[in-house]
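Listed below, chain by chain, are the residues.
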Amino acid sequence: MSKIPVYFMPGLAASAQIFERIALPNAIFETLLLKWEIPLDNESLRQYAKRMANKITYPNPVLIGVSFGGILVQEMAQFITARKIIIISSVKTNLEFPLRMKVAKTTKAYKLIPTTLFSNIDSLSQFSFGEKINQRLKLYEKFLRVRDKRYLDWAVEQIILWERTIADDTVIHIHGDEDDVFPIKNIQNCIIVKGGTHVMILTKYKWLNENLPKIILE
């Protein structure tokens, strides 16, 4: 194809709607949105990544993943030849995880996370928890649409138990300096976005729209 295919993978439990503010020049790029599939029984992250890689129909694509989607596209890159791998608000290895995630792996505390809460966001949003929390709940209600418990339990475990310890030097990492999920102090070799939080795909879309085309074409 004459255009550069760019596949976007959303973060944990998120729908492709999180990319609604991202607009790449149509004359140059073909934007394609991926979505989460429910994992098969006992499916490993590698097996899941291979299954997702089969959905890439254009050759030599750009893969862009947000958060857990960033982890996934790095795994998918083992099964396809990609023009570029770009991760946003994510990590390149488990060494970039915050301490609480490392502790969760050691103690298996991640198994205690009540993922059923995700399915009750609609109910939670009816209550008042203060303006800041209510605003965040509204975001969750709109964008976190994958609420299947089997998927959520699987996804949390795959993140915590991710085994990669050596970063792929070809991966381009874009990260906000105010990310509270993956703090910048643990992140190496990235493009820093000032004021960027973990949801900067929504809040820093102007920066991304301006800079992603240049980053892809470099």
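Structural data are supplied above this passage.
What counts and what doesn't
Residues numbered from 1 in each chain as written. Predicted model: local features only at pLDDT ≥ 70, side-chain atom pairs only at ≥ 80, totals over all residues. Heavy atoms only, no water. Helix = DSSP H or I, 4+ residues; strand = E, 2+ residues; numbered from the N terminus. Buried < 20%, exposed > 50% of the residue type's maximum accessible area, 1.4 Å probe, protein only. Contact = heavy atoms within 4.5 Å. Areas by Shrake-Rupley, 256 points an atom, 1.4 Å probe, with all protein chains shown as cover. Salt bridge = Lys/Arg side-chain N within 4 Å of Asp/Glu carboxyl O. Pairing = 2+ DSSP bridges. Axes fitted to C-alpha atoms, helices over the stretch in contact; angles between N-to-C directions. Phe/Tyr/Trp six-rings, centres within 6.5 Å; stacked < 30°, edge-to-face > 60°. Parallel < 35°, antiparallel > 145°, perpendicular 65-115°, else oblique. Nonpolar A, V, L, I, M, F, W, Y, C, P; charged D, E, K, R; others polar.

(A) Representation of the overall build of the protein chain. The helix and strand tally for the protein chain stands at eight helices and six strands. Overall, the protein chain shows an N-to-C arrangement of helices and strands of β-β-α-β-α-β-α-α-α-α-β-β-α-α. Burial statistics for the protein chain: of 218 residues in total, 46% are counted as buried. Expressed as a percentage of contacts within the protein chain between residues at least 6 apart in sequence, the contacts between residues at least 24 apart total 66%. Summed over all atoms, the accessible surface of the protein chain reaches about 11500 Å², with 53% contributed by carbon and sulfur.

(B) Unusual backbone geometry, seen in detail. Backbone geometry at A13 places phi at a positive 70°, although glycine is not the residue there. Relative to the helices and strands, A13 is located in the loop between strand 1 (4-9) and strand 2 (29-33). The buried category is assigned to A13, whose relative accessible area is 0%.

(C) Spatial organisation of the pattern of salt bridges. The final tally for this structure, using the stated rule, is six salt bridges. The residue D41 makes a salt bridge to R150 at a minimum N-O spacing of 3.2 Å. With D41 in the loop between strand 2 and helix 1 (45-53) and R150 in helix 6 (residues 149-160), the pair connects residues that are 109 residues apart, well separated along the chain. Between K92 and E96 there is a salt bridge, with the nearest N and O atoms lying 2.9 Å from each other.

(D) Summary view of the sheet that holds strand 3 (residues 62-66). Spatially, six strands are ordered 2-1-3-4-5-6 in an open sheet, and the strand pairing comes out parallel. Strands at the two margins of the open sheet, each flanked by one partner only, are strand 2 and strand 6 (191-193). Shown here is a sheet whose adjacent strand axes are inclined to one another by a mean of 20°, direction ignored. Inspection of the sheet shows strand 1 paired to strand 2 by five bridges, in the parallel sense. Across the sheet, residue V6 finds its bridge partner in strand 2, namely T31. Each of strand 1, strand 2, strand 3, strand 4 (84-88), strand 5 (172-176) and strand 6 touches helix 8 (residues 205-217); the most contacted strand, strand 4, lies at about 155° to it.

(E) Region of interest: the packing of aromatic side chains. Scanning all chains against the criterion turns up eight aromatic pairs. Pairing W36 with Y151 gives two aromatic rings, centres 5.5 Å apart and planes at 50°, and the pair type is tilted. Of the two residues, W36 sits in the loop between strand 2 and helix 1 while Y151 sits in helix 6, which places them 115 residues apart along the sequence. Residues W36 and Y151 agree in their burial class; the two are buried.

(F) Summary view of the packing of helix 1 against helix 2 (residues 68-76). The geometry of helix 1 relative to helix 2 is characterised by a closest axis approach of 8 Å and an angle of 80° between their N-to-C directions. As judged from the angle between their axes, helix 1 and helix 2 are roughly perpendicular. Facing L45, Y48, A49, M52 and A53 of helix 1, the residues of helix 2 in contact are F68, I71, L72, E75 and M76. Class assignment of the residues belonging to the contact of helix 1 with helix 2 gives a composition of nine nonpolar, no polar and one charged.

Geometry only, nothing functional implied.
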